[in-house]
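Inside the fold
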Amino acid sequence: MNPTIKLTDGKLYINNQLIDFSENIDQILEVNELIIYRFEITGKNINNRNVGAVTLEGEKKWIIPESKSALDFKSYHRIYINENNKLIALNWTGMEYLVDIHSGEITPHRFVK
């Protein structure tokens, strides 16, 4: 049976069960038995740890690690799957990162601005 996944008013529900987060979620992707989420960017809590994953059972799996570079200390504003079926997180400076869906570890990919 496929789980029912909904994002309503910044809240994530799996099979009508609320998954508790301290911040609102703005974007979700279902990838390989995981739900990848991106927290809403509000301007109040600016950091580059606003992408994470939960299992289809609602278990929190990982949150993206903080970038080591001060130049990249910007929130991610988009996540997507690229043409090579890789998870990409794009930050405000225009830097794309490949995200390992199993661990959340990031690798710089390319600059797009």
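Preceding this section is the structure that the text describes.
Residues numbered from 1 in each chain as written. Predicted model: local features only at pLDDT ≥ 70, side-chain atom pairs only at ≥ 80, totals over all residues. Heavy atoms only, no water.

1. Brief notes about the overall build of the protein chain
Stated formally: In this text, helices come from DSSP runs of H or I with a minimum length of four residues, and strands from runs of E with a minimum of two, each type numbered from the N-terminal end. In this setup the radius of gyration rests on C-alpha atoms only. A globule is expected at 2.2 Å times the number of residues raised to 0.38. Using a 1.4 Å probe on the protein chains alone, a residue whose accessible area is under 20% of its type maximum counts as buried, one over 50% counts as exposed, and one in between counts as partly exposed. The contact rule is simple, with two residues in contact once any of their heavy atoms fall within 4.5 Å. Areas reported here follow the Shrake-Rupley algorithm with a probe of radius 1.4 Å; residue values treat only the protein chains shown as occluding. Charged residues are defined here as Lys and Arg on the positive side and Asp and Glu on the negative side; His and the ends of the chain fall outside this count. Each charge is placed at NZ for Lys, CZ for Arg, CG for Asp and CD for Glu.
Secondary structure assignment for the protein chain yields zero helices and eleven strands. If you list the helices and strands of the protein chain from N to C, you get β-β-β-β-β-β-β-β-β-β-β. A compact globule built from 113 residues should have a C-alpha radius of gyration of about 13 Å, and the protein chain, at 14 Å, falls within 12% of that. Classification of the 113 residues of the protein chain by burial places 42% in the buried group. Contacts in the protein chain between residues far apart in sequence, at least 24 positions, make up 31% of those at least 6 positions apart. On the protein chain, roughly 6,900 Å² of surface is accessible, and the fraction owed to carbon and sulfur atoms is 47%. The averaged location of the 15 negative side-chain charges in the protein chain is 5 Å from the averaged location of its 13 positive side-chain charges.

2. Quick look at the sheet that holds strand S5 (residues 34-39)
To be explicit about the condition: Between any two strands, at least two bridges found by DSSP are needed for them to pair. Fitted lines through C-alpha atoms give the axes, limited to the stretch in contact for helices. The angle between two N-to-C directions lies from 0 to 180 degrees.
Read across the open sheet, the four strands follow the order S4-S5-S6-S7; overall the sheet is antiparallel. Where the open sheet ends on each side, the last strands, each with one partner, are strand S4 (25-31) and strand S7 (60-63). The average undirected angle you get between the axes of adjacent strands in this sheet is 20°. Note that S5 and strand S6 (residues 51-55) share five bridges and pair antiparallel. Counterpart to Tyr37 in the pairing with S6 is Gly52.

3. Describing the pattern of salt bridges
To be explicit about the condition: Criterion for a salt bridge: a side-chain nitrogen of Lys or Arg within 4 Å of a carboxyl oxygen of Asp or Glu.
Scanning the entire structure with this criterion turns up two salt bridges. As a salt-bridge pair, Asp26 and Arg38 come within 2.9 Å of each other at their nearest N and O atoms. In this pair, Asp26 is assigned in strand S4 and Arg38 in strand S5, connecting sequence segments twelve residues apart. Residue classification places Arg38 among the buried positions, given a relative accessible area of 5%. Across the salt bridge formed by Glu96 and Arg110, the nearest N and O atoms sit 2.7 Å from each other.

4. Notes on the nonpolar core
What tends to happen in soluble globular proteins is that the nonpolar side chains get buried as a cluster. Using the following cut-off: Note on terminology: a nonpolar core comprises buried Ala, Val, Leu, Ile, Met, Phe, Trp, Tyr and Cys residues joined through side-chain atoms within 4.5 Å.
Counting residues in hydrophobic clusters, the biggest one holds 17 residues, and the most contacted among them are Ile36, Trp62, Ile64 and Leu87. Mapped onto this core, the elements with two or more residues apiece are S4, S5, S6, strand S8 (76-81), strand S9 (87-91) and strand S10 (95-99).

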